[in-house]
Amino acid sequence: MVILWLVFAQPGAAHARDNQPLPVLSVSVLQFGTAHWELDHIVHQGLDRKNGYQLDLTLVANLPASRLAVTSGSVNGAVADLHWAQARFEDGAPYLYVPFSSQIGDIVVAEDSDICAVADLAGKRIGVAGGPDGKGWVLLQKVAEQRGINLAASADVQFAAPPLLSQALRRGQVDAIVTYWHFAARLRGEGGWRSAFRMSDLLVAINLDRNLPVLGYVFPADWAEDHRALMNRFARSLQQAKNELSDSERFWQRLRPLMGEPDDAVFQSLRKGFVAGVPLPLTDQRIAGLHRLLALTGANPDNRMPTDLFHRGQL
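Within an unreviewed UniProt entry, the label attached to the protein chain reads NitT/TauT family transport system substrate-binding protein, and the organism entered is Marinobacter salarius.

This is the structure:
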(Lines give C-alpha, C1' and ligand atoms only; values in the text may rest on other atoms or scores of the structure.)
Protein backbone atom coordinates (compact mmCIF):
# COMPACT_ATOMS: atom_id res chain seq x y z
CA MET A 1 0.00 0.00 0.00
CA VAL A 2 2.85 2.44 0.79
CA ILE A 3 4.45 1.83 -2.58
CA LEU A 4 1.14 2.35 -4.37
CA TRP A 5 0.50 5.58 -2.52
CA LEU A 6 3.92 6.91 -3.49
CA VAL A 7 3.22 6.13 -7.11
CA PHE A 8 -0.22 7.75 -6.98
CA ALA A 9 1.02 10.82 -5.16
CA GLN A 10 3.99 11.38 -7.41
CA PRO A 11 2.26 13.54 -10.09
CA GLY A 12 0.89 15.96 -7.50
CA ALA A 13 4.21 16.05 -5.68
CA ALA A 14 6.02 16.91 -8.89
CA HIS A 15 3.69 19.84 -9.53
CA ALA A 16 4.16 21.12 -5.99
CA ARG A 17 7.92 20.81 -6.23
CA ASP A 18 8.14 22.62 -9.53
CA ASN A 19 5.52 25.25 -8.58
CA GLN A 20 3.67 24.45 -11.76
CA PRO A 21 -0.12 24.86 -11.90
CA LEU A 22 -2.11 21.68 -11.55
CA PRO A 23 -4.21 20.58 -14.51
CA VAL A 24 -7.85 21.54 -13.98
CA LEU A 25 -10.75 19.13 -14.47
CA SER A 26 -14.15 20.83 -14.67
CA VAL A 27 -17.28 18.85 -13.92
CA SER A 28 -20.91 19.95 -14.02
CA VAL A 29 -23.01 18.55 -11.17
CA LEU A 30 -26.50 19.03 -9.72
CA GLN A 31 -26.25 21.24 -6.65
CA PHE A 32 -28.34 18.85 -4.57
CA GLY A 33 -27.53 15.70 -6.53
CA THR A 34 -25.93 12.64 -4.97
CA ALA A 35 -22.74 12.96 -7.04
CA HIS A 36 -22.12 16.37 -5.46
CA TRP A 37 -21.61 14.62 -2.12
CA GLU A 38 -18.52 12.72 -3.23
CA LEU A 39 -17.19 15.48 -5.48
CA ASP A 40 -17.43 18.00 -2.67
CA HIS A 41 -15.67 15.51 -0.41
CA ILE A 42 -12.83 15.24 -2.94
CA VAL A 43 -12.35 19.02 -2.98
CA HIS A 44 -12.70 19.46 0.78
CA GLN A 45 -10.26 16.63 1.58
CA GLY A 46 -7.84 17.73 -1.13
CA LEU A 47 -8.01 14.34 -2.84
CA ASP A 48 -7.80 16.05 -6.21
CA ARG A 49 -4.55 17.84 -5.35
CA LYS A 50 -3.12 14.73 -3.74
CA ASN A 51 -3.63 13.03 -7.08
CA GLY A 52 -2.08 15.83 -9.10
CA TYR A 53 -5.01 17.84 -10.46
CA GLN A 54 -7.56 20.48 -9.43
CA LEU A 55 -11.27 19.64 -9.52
CA ASP A 56 -13.47 22.58 -10.52
CA LEU A 57 -17.20 22.07 -9.90
CA THR A 58 -19.94 23.89 -11.80
CA LEU A 59 -23.21 23.62 -9.88
CA VAL A 60 -26.42 23.51 -11.90
CA ALA A 61 -30.11 23.23 -11.02
CA ASN A 62 -31.21 20.38 -13.28
CA LEU A 63 -30.03 17.53 -15.48
CA PRO A 64 -30.63 19.27 -18.84
CA ALA A 65 -28.37 22.12 -17.73
CA SER A 66 -25.68 19.69 -16.65
CA ARG A 67 -25.79 17.79 -19.92
CA LEU A 68 -25.80 20.99 -21.95
CA ALA A 69 -22.68 22.10 -20.10
CA VAL A 70 -20.74 19.02 -21.16
CA THR A 71 -22.11 18.78 -24.71
CA SER A 72 -21.37 22.47 -25.32
CA GLY A 73 -17.83 22.11 -24.03
CA SER A 74 -18.19 24.60 -21.18
CA VAL A 75 -17.09 21.83 -18.79
CA ASN A 76 -15.04 18.67 -19.30
CA GLY A 77 -17.48 16.23 -17.73
CA ALA A 78 -20.86 15.65 -16.11
CA VAL A 79 -22.94 12.90 -14.53
CA ALA A 80 -25.20 10.88 -16.82
CA ASP A 81 -26.75 7.47 -16.94
CA LEU A 82 -25.58 4.63 -19.14
CA HIS A 83 -28.39 5.10 -21.64
CA TRP A 84 -27.51 8.76 -22.22
CA ALA A 85 -23.93 7.75 -22.99
CA GLN A 86 -25.17 5.01 -25.33
CA ALA A 87 -27.48 7.43 -27.15
CA ARG A 88 -24.62 9.88 -27.68
CA PHE A 89 -22.48 7.03 -29.05
CA GLU A 90 -25.21 6.09 -31.50
CA ASP A 91 -25.36 9.75 -32.57
CA GLY A 92 -21.64 9.71 -33.33
CA ALA A 93 -20.53 11.62 -30.24
CA PRO A 94 -18.91 9.01 -27.95
CA TYR A 95 -18.13 9.67 -24.29
CA LEU A 96 -15.79 7.96 -21.88
CA TYR A 97 -17.85 6.48 -19.04
CA VAL A 98 -16.33 6.52 -15.55
CA PRO A 99 -18.51 4.51 -13.09
CA PHE A 100 -20.27 6.49 -10.37
CA SER A 101 -23.09 4.40 -8.86
CA SER A 102 -24.95 1.12 -9.21
CA GLN A 103 -28.12 2.56 -7.67
CA ILE A 104 -31.06 2.45 -10.09
CA GLY A 105 -34.15 2.87 -7.97
CA ASP A 106 -36.84 1.20 -5.91
CA ILE A 107 -40.49 0.29 -6.03
CA VAL A 108 -41.91 2.00 -2.94
CA VAL A 109 -45.22 1.18 -1.25
CA ALA A 110 -46.96 1.87 2.04
CA GLU A 111 -45.65 -0.10 5.00
CA ASP A 112 -48.95 -2.04 5.24
CA SER A 113 -49.24 -2.67 1.48
CA ASP A 114 -49.72 -6.23 0.23
CA ILE A 115 -47.35 -5.53 -2.70
CA CYS A 116 -44.17 -7.56 -2.27
CA ALA A 117 -43.31 -8.81 -5.76
CA VAL A 118 -43.64 -7.87 -9.43
CA ALA A 119 -46.76 -10.00 -9.86
CA ASP A 120 -48.50 -8.01 -7.12
CA LEU A 121 -48.42 -4.87 -9.27
CA ALA A 122 -51.00 -6.19 -11.76
CA GLY A 123 -54.19 -4.19 -11.47
CA LYS A 124 -52.59 -1.56 -9.23
CA ARG A 125 -52.08 2.21 -9.65
CA ILE A 126 -48.39 2.72 -10.40
CA GLY A 127 -46.52 6.01 -10.55
CA VAL A 128 -43.37 5.93 -12.67
CA ALA A 129 -40.42 8.33 -12.72
CA GLY A 130 -38.35 8.73 -15.85
CA GLY A 131 -41.12 8.44 -18.44
CA PRO A 132 -42.20 5.46 -20.54
CA ASP A 133 -38.65 4.91 -21.82
CA GLY A 134 -37.01 5.12 -18.39
CA LYS A 135 -34.79 2.16 -17.59
CA GLY A 136 -36.66 1.39 -14.37
CA TRP A 137 -40.02 1.07 -16.08
CA VAL A 138 -38.56 -0.86 -19.02
CA LEU A 139 -36.81 -3.30 -16.65
CA LEU A 140 -39.95 -3.76 -14.60
CA GLN A 141 -41.97 -4.59 -17.70
CA LYS A 142 -39.33 -7.06 -18.90
CA VAL A 143 -39.45 -8.99 -15.62
CA ALA A 144 -43.27 -8.85 -15.58
CA GLU A 145 -43.33 -10.29 -19.10
CA GLN A 146 -41.28 -13.25 -17.85
CA ARG A 147 -44.14 -13.88 -15.43
CA GLY A 148 -46.81 -13.58 -18.11
CA ILE A 149 -47.91 -10.09 -17.05
CA ASN A 150 -48.41 -7.08 -19.31
CA LEU A 151 -48.09 -4.27 -16.79
CA ALA A 152 -48.80 -1.51 -19.30
CA ALA A 153 -52.18 -3.10 -20.02
CA SER A 154 -53.07 -4.50 -16.60
CA ALA A 155 -52.08 -1.56 -14.37
CA ASP A 156 -53.08 2.08 -14.16
CA VAL A 157 -49.77 3.77 -14.95
CA GLN A 158 -48.99 7.46 -14.40
CA PHE A 159 -45.70 9.14 -15.35
CA ALA A 160 -44.47 12.11 -13.35
CA ALA A 161 -41.43 13.73 -11.74
CA PRO A 162 -40.13 11.97 -8.61
CA PRO A 163 -41.22 14.66 -6.11
CA LEU A 164 -44.76 14.58 -7.49
CA LEU A 165 -44.79 10.78 -7.27
CA SER A 166 -43.73 10.90 -3.63
CA GLN A 167 -46.59 13.28 -2.93
CA ALA A 168 -49.05 11.09 -4.82
CA LEU A 169 -47.98 8.08 -2.74
CA ARG A 170 -48.39 10.02 0.50
CA ARG A 171 -51.90 11.11 -0.56
CA GLY A 172 -52.95 7.59 -1.51
CA GLN A 173 -53.36 8.50 -5.18
CA VAL A 174 -51.15 5.60 -6.28
CA ASP A 175 -50.45 2.17 -4.78
CA ALA A 176 -46.76 2.04 -5.69
CA ILE A 177 -44.13 4.24 -7.28
CA VAL A 178 -41.13 3.35 -9.41
CA THR A 179 -38.71 6.04 -8.34
CA TYR A 180 -35.04 6.98 -8.06
CA TRP A 181 -33.13 5.55 -5.13
CA HIS A 182 -32.66 8.78 -3.15
CA PHE A 183 -36.38 9.60 -3.28
CA ALA A 184 -37.05 6.07 -2.06
CA ALA A 185 -34.48 6.53 0.71
CA ARG A 186 -36.17 9.73 1.86
CA LEU A 187 -39.56 8.03 1.98
CA ARG A 188 -38.20 5.08 3.95
CA GLY A 189 -36.51 7.49 6.33
CA GLU A 190 -39.81 9.31 6.92
CA GLY A 191 -41.38 6.09 8.15
CA GLY A 192 -44.58 4.46 6.92
CA TRP A 193 -43.07 3.45 3.59
CA ARG A 194 -40.96 0.55 2.43
CA SER A 195 -39.29 -0.76 -0.70
CA ALA A 196 -41.36 -3.63 -2.02
CA PHE A 197 -38.28 -4.55 -4.05
CA ARG A 198 -35.41 -2.79 -5.76
CA MET A 199 -34.34 -2.37 -9.33
CA SER A 200 -31.22 -4.34 -8.52
CA ASP A 201 -33.53 -7.27 -7.73
CA LEU A 202 -34.87 -6.96 -11.28
CA LEU A 203 -31.33 -7.22 -12.65
CA VAL A 204 -30.87 -10.44 -10.71
CA ALA A 205 -34.20 -11.72 -12.08
CA ILE A 206 -32.82 -11.41 -15.63
CA ASN A 207 -29.47 -12.96 -14.65
CA LEU A 208 -27.46 -9.74 -14.44
CA ASP A 209 -25.07 -8.53 -11.77
CA ARG A 210 -26.91 -6.28 -9.30
CA ASN A 211 -23.77 -4.13 -8.96
CA LEU A 212 -23.69 -2.79 -12.52
CA PRO A 213 -22.73 0.92 -12.59
CA VAL A 214 -25.77 2.42 -14.30
CA LEU A 215 -24.64 5.99 -13.52
CA GLY A 216 -21.31 7.45 -14.49
CA TYR A 217 -19.22 10.53 -15.13
CA VAL A 218 -19.00 11.19 -18.86
CA PHE A 219 -16.26 12.96 -20.80
CA PRO A 220 -16.01 13.45 -24.58
CA ALA A 221 -14.02 10.48 -25.80
CA ASP A 222 -11.52 12.44 -27.91
CA TRP A 223 -10.83 14.84 -25.05
CA ALA A 224 -10.47 11.95 -22.59
CA GLU A 225 -8.04 10.20 -24.92
CA ASP A 226 -5.88 13.33 -24.96
CA HIS A 227 -6.04 13.55 -21.15
CA ARG A 228 -5.49 9.94 -20.11
CA ALA A 229 -3.42 10.74 -17.03
CA LEU A 230 -5.99 13.25 -15.81
CA MET A 231 -8.80 10.71 -16.21
CA ASN A 232 -6.84 8.16 -14.19
CA ARG A 233 -6.11 10.70 -11.45
CA PHE A 234 -9.80 11.62 -11.29
CA ALA A 235 -10.81 7.95 -11.10
CA ARG A 236 -8.33 7.34 -8.27
CA SER A 237 -9.66 10.28 -6.27
CA LEU A 238 -13.22 9.04 -6.81
CA GLN A 239 -12.32 5.64 -5.40
CA GLN A 240 -10.56 7.22 -2.44
CA ALA A 241 -13.64 9.38 -1.74
CA LYS A 242 -15.96 6.38 -1.97
CA ASN A 243 -13.73 4.43 0.41
CA GLU A 244 -13.67 7.24 2.96
CA LEU A 245 -17.42 7.85 2.75
CA SER A 246 -18.05 4.12 3.09
CA ASP A 247 -15.70 3.61 6.03
CA SER A 248 -16.62 6.50 8.31
CA GLU A 249 -19.82 8.38 9.14
CA ARG A 250 -17.87 11.38 10.42
CA PHE A 251 -17.33 12.71 6.90
CA TRP A 252 -21.07 12.78 6.28
CA GLN A 253 -21.99 15.38 8.89
CA ARG A 254 -20.22 18.05 6.85
CA LEU A 255 -22.19 16.97 3.76
CA ARG A 256 -25.55 17.25 5.49
CA PRO A 257 -26.39 20.71 4.05
CA LEU A 258 -25.86 19.32 0.53
CA MET A 259 -28.41 16.63 1.38
CA GLY A 260 -31.05 19.21 2.26
CA GLU A 261 -30.48 19.10 6.04
CA PRO A 262 -32.56 15.92 6.49
CA ASP A 263 -33.63 14.67 9.89
CA ASP A 264 -31.61 11.84 11.40
CA ALA A 265 -33.68 8.97 9.98
CA VAL A 266 -33.67 10.34 6.43
CA PHE A 267 -29.98 11.26 6.75
CA GLN A 268 -29.05 7.69 7.69
CA SER A 269 -31.22 6.27 4.92
CA LEU A 270 -29.52 8.48 2.31
CA ARG A 271 -26.04 7.72 3.63
CA LYS A 272 -26.63 3.97 3.59
CA GLY A 273 -28.20 4.13 0.14
CA PHE A 274 -25.21 5.99 -1.28
CA VAL A 275 -22.74 3.52 0.21
CA ALA A 276 -24.79 0.56 -1.06
CA GLY A 277 -24.45 1.98 -4.57
CA VAL A 278 -20.65 2.13 -4.62
CA PRO A 279 -19.86 0.02 -7.69
CA LEU A 280 -17.32 -2.76 -7.82
CA PRO A 281 -14.45 -2.43 -10.33
CA LEU A 282 -15.40 -2.98 -13.94
CA THR A 283 -14.44 -6.32 -15.43
CA ASP A 284 -15.04 -7.89 -18.82
CA GLN A 285 -18.02 -9.69 -17.30
CA ARG A 286 -19.56 -6.52 -15.88
CA ILE A 287 -19.07 -4.64 -19.15
CA ALA A 288 -20.79 -7.56 -20.92
CA GLY A 289 -23.58 -7.17 -18.36
CA LEU A 290 -23.88 -3.47 -19.17
CA HIS A 291 -24.06 -4.32 -22.87
CA ARG A 292 -26.83 -6.82 -22.19
CA LEU A 293 -28.68 -4.28 -20.07
CA LEU A 294 -28.46 -1.77 -22.91
CA ALA A 295 -29.86 -4.32 -25.36
CA LEU A 296 -32.71 -5.24 -23.00
CA THR A 297 -33.66 -1.60 -22.57
CA GLY A 298 -33.78 -0.64 -26.23
CA ALA A 299 -30.24 0.02 -27.45
CA ASN A 300 -29.20 -1.23 -30.86
CA PRO A 301 -27.42 -4.54 -30.06
CA ASP A 302 -25.22 -4.11 -33.13
CA ASN A 303 -24.09 -0.61 -32.18
CA ARG A 304 -23.33 -0.62 -28.47
CA MET A 305 -20.61 1.40 -26.75
CA PRO A 306 -17.28 -0.42 -27.21
CA THR A 307 -15.42 -1.68 -24.17
CA ASP A 308 -12.75 1.01 -24.44
CA LEU A 309 -15.35 3.64 -23.56
CA PHE A 310 -15.73 2.13 -20.08
CA HIS A 311 -13.03 3.33 -17.70
CA ARG A 312 -11.77 0.54 -15.51
CA GLY A 313 -8.22 1.50 -14.57
CA GLN A 314 -5.24 2.86 -16.39
CA LEU A 315 -6.10 4.04 -19.88
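A. Region of interest: the overall build of the protein chain. Along the backbone of the protein chain there are 15 helices and 10 strands. By its C-alpha atoms, the protein chain is 70 × 50 × 35 Å across when sized along the principal axes. Taking all 315 residues of the protein chain together, 52% fall into the buried category. Contacts in the protein chain between residues at least 24 apart in sequence constitute 77% of all its contacts with a sequence separation of at least 6. Surface accessibility of the protein chain: about 14,100 Å² in total, with carbon and sulfur atoms responsible for 52%. On the protein chain, the mean spot of the 30 positive side-chain charges and the mean spot of the 32 negative ones are 3 Å from each other.

B. The arrangement of helix H4 (residues 63-72) in detail. Buried within H4 we find Ser66, Ala69 and Val70. Within H4, the buried residues cover an arc of 90 degrees as seen down the axis, which keeps them to one side. The outward face of H4, more than 90 degrees from its buried face, is lined by the exposed residues Pro64 and Leu68. At its buried positions, H4 is contacted by strand E1 (24-30), strand E2 (54-60), strand E3 (77-81), helix H5 (82-90), strand E4 (95-101) and strand E10 (215-220). A distance of 2.9 Å separates the backbone nitrogen of alanine 65 from a side-chain oxygen at the start of H4, and that oxygen is part of asparagine 62.

C. A look at the sheet that holds strand E9 (residues 193-198). As summarised here, the arrangement of the 5 strands in space is E7-E6-E8-E5-E9, forming an open sheet in which the pairing is mixed. Sheet topology places strand E7 (156-159) and E9 at the edges, where each strand pairs with a single neighbour. Neighbour to neighbour, the strand axes of the sheet diverge by 25 degrees on average, direction disregarded. Sheet topology note: the strand E6 (residues 125-128)/strand E8 (residues 176-179) ladder contains 3 bridges and is parallel. Across the sheet, glycine 127 pairs through a bridge with isoleucine 177, a residue of E8.

D. Structural view of the UniProt feature "domain: SsuA/THI5-like" (unreviewed entry) in the protein chain. UniProt records the feature "domain: SsuA/THI5-like" (unreviewed entry) at residues 100-241, using the numbering of this structure. Along residues 100-241 the backbone is 44% helical and 22% strand, and the end-to-end C-alpha distance reaches 11 Å.

E. Geometry of the sheet that holds E1. The 5 strands are arranged E2-E1-E3-E10-E4 in an open sheet whose pairing can be described as mixed. Where the open sheet ends on each side, the last strands, each with one partner, are E2 and E4. Strand-to-strand twist in this sheet, taken as the mean axis angle between neighbours without regard to direction, amounts to 35 degrees. In the sheet, E1 pairs with E3 via 2 bridges, with the strands oriented parallel. The partner of serine 28 across the bridge, within E3, is alanine 78. Those strands touched by H5 are E3, E4 and E10, and its axis lies near 105 degrees from that of E3.

F. Representation of the side chain of threonine 297 within the structure. Its location among the elements puts threonine 297 in the segment after helix H15 (284-296). Owing to a relative accessible area of 13%, threonine 297 belongs among the buried residues under this scheme. If sequence neighbours within four positions are ignored, threonine 297 has contacts with His83, Val138 and Leu139.

How each quantity is defined
- Residues numbered from 1 in each chain as written.
- Predicted model: local features only at pLDDT ≥ 70, side-chain atom pairs only at ≥ 80, totals over all residues.
- Heavy atoms only, no water.
- Helix = DSSP H or I, 4+ residues; strand = E, 2+ residues; numbered from the N terminus.
- Buried < 20%, exposed > 50% of the residue type's maximum accessible area, 1.4 Å probe, protein only.
- Contact = heavy atoms within 4.5 Å.
- Areas by Shrake-Rupley, 256 points an atom, 1.4 Å probe, with all protein chains shown as cover.
- Lys, Arg positive; Asp, Glu negative; His and termini not counted.
- Charge placed at Lys NZ, Arg CZ, Asp CG, Glu CD.
- Arc of directions from axis to C-beta.
- Polar contact = N/O pair within 3.5 Å; in protein donor to acceptor, adjacent residues only side chain to side chain.
- Pairing = 2+ DSSP bridges.
- Axes fitted to C-alpha atoms, helices over the stretch in contact; angles between N-to-C directions.
- UniProt positions renumbered as here; feature names shortened; annotations may be inferred.

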